[in-house]
Amino acid sequence: VYSRFLLIHLTEPDAALHEMHELLKPNGIFVCEDGDLSSAGSEPPSQLEAFSTLFSALGPKWGVDYTLGRRLFHLVLAANFVQPEITLNQPVFAQGENKRLLELSVAEAGPSFVKAGLITNDELAETIAEMQRLCEDRTVLAVMPRMSQVWAKKPATNISYVA
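Model, not experiment: these values are computed from the prediction. (Residues numbered from 1 in each chain as written. Predicted model: local features only at pLDDT ≥ 70, side-chain atom pairs only at ≥ 80, totals over all residues. Heavy atoms only, no water.)

1. Details of the packing of helix α4 (residues 101-115) against helix α5 (residues 121-135)
Then comes step 1: Between α4 and α5, the least distance of the axes is 10 Å, while the angle of their chain directions is 175 degrees. Considering the angle they form, α4 stands roughly antiparallel to α5. Of the residues in α5, those touching α4 at Leu102, Glu103, Val106, Ala107, Gly110 and Val114 are Asn121, Leu124, Ile128, Met131, Gln132 and Cys135.
Then comes step 2: Grouping the amino acids of the contact of α4 with α5 by side-chain chemistry returns eight nonpolar, three polar and one charged. (Axes fitted to C-alpha atoms, helices over the stretch in contact; angles between N-to-C directions. Helix = DSSP H or I, 4+ residues; strand = E, 2+ residues; numbered from the N terminus. Parallel < 35°, antiparallel > 145°, perpendicular 65-115°, else oblique. Contact = heavy atoms within 4.5 Å. Nonpolar A, V, L, I, M, F, W, Y, C, P; charged D, E, K, R; others polar.)

This is the structure:
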């Protein structure tokens, strides 16, 4: 079973993990990648950090946990998977198309931020314009959200035969 950037969007990620566990065959492998959106930012600190600020505030309003990546390893354990392993990945960009992920994500989710009362349309437009400007500044590093990558197994079942 493979899951990528799914659990942070669910109101009941634990239930989804248990269902994935049930669907998996004994000794089957589970692989999951999910993020901690609050870990994104910039160096030096800048308006690129609006990404983490806005998503961190939106999550509770929607009943989702945009910091779930922090807990992913332990969520997998709690879902009865065994032998879990974890790696963390947090890209940083000084230039290029990938550097725009924070800006483009804020633009895409902008109407949701406004609807939730987190920012006005005018403030959103100013924020996106400043984020775009910062993406063109090679001296500002865009720090992407930290991603947790966890893999584990479903234990083998003990089959008992009744005589």
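2. Section: the sheet that holds strand β7 (residues 146-153)
Then comes step 1: Sheet architecture is open: four strands sit in the order β1-β2-β7-β4, paired in mixed fashion. Each of the sheet's edge strands pairs with one partner strand only, and the pair in question is β1 (2-4) and β4 (82-89). For this sheet, the mean angle separating the axes of adjacent strands, direction not counted, is 15 degrees.
Then comes step 2: Of the pairings in the sheet, the one linking strand β2 (residues 29-36) to β7 comprises eight bridges and is antiparallel in character. Looking at β7, one finds that Asp34 is bridged to Ser148. (Pairing = 2+ DSSP bridges.)

3. Details of α4
Then comes step 1: For α4, built from 15 residues, the straight-helix expectation of 21 Å at 1.5 Å per residue is met to within 8% by its first-to-last C-alpha distance of 22 Å.
Then comes step 2: Residues of α4 that are buried include every one of Leu102, Glu103, Ser105, Val106, Ala109, Gly110 and Phe113, and no others.
Then comes step 3: Next to the buried residues of α4 lie β3 (41-43), α2 (50-62), α5 and β6 (141-143).
Then comes step 4: Once α4 ends, the next one or two residues include Gly117, with phi positive near 80 degrees. (Expected span 1.5 Å × (residues − 1). Buried < 20%, exposed > 50% of the residue type's maximum accessible area, 1.4 Å probe, protein only.)

4. Looking at the pattern of salt bridges
Then comes step 1: All told, the structure shown has six salt bridges when counted by the stated rule.
Then comes step 2: Notably, a salt bridge pairs Glu103 with Arg100, separated by 2.8 Å at the nearest N-O pair. (Salt bridge = Lys/Arg side-chain N within 4 Å of Asp/Glu carboxyl O.)

5. As for the sheet that holds β6
Then comes step 1: With antiparallel pairing, the three strands of this open sheet are ordered in space as β3-β6-β5. Among the strands making up the open sheet, the edge pair consists of β3 and β5 (92-93).

6. Structural notes on a nonpolar patch on the surface
Then comes step 1: A cluster of nonpolar residues, Tyr2, Ile29, Val31 and Trp151, forms a patch on the protein surface that exposes about 400 Å² of accessible area.
Then comes step 2: Along the chain, Val31 turns up in strand β2. (Patch = residues over 30% accessible without salt bridge, like charges linked within 9 Å, V, L, I, M, F, W, Y side chains within 5 Å. Areas by Shrake-Rupley, 256 points an atom, 1.4 Å probe, with all protein chains shown as cover.)

7. Focus on the pairing of β7
Then comes step 1: Sheet topology places β4 next to β7; six bridges connect them, and they run antiparallel. Bridged to Leu88 within β7 is Ser148.

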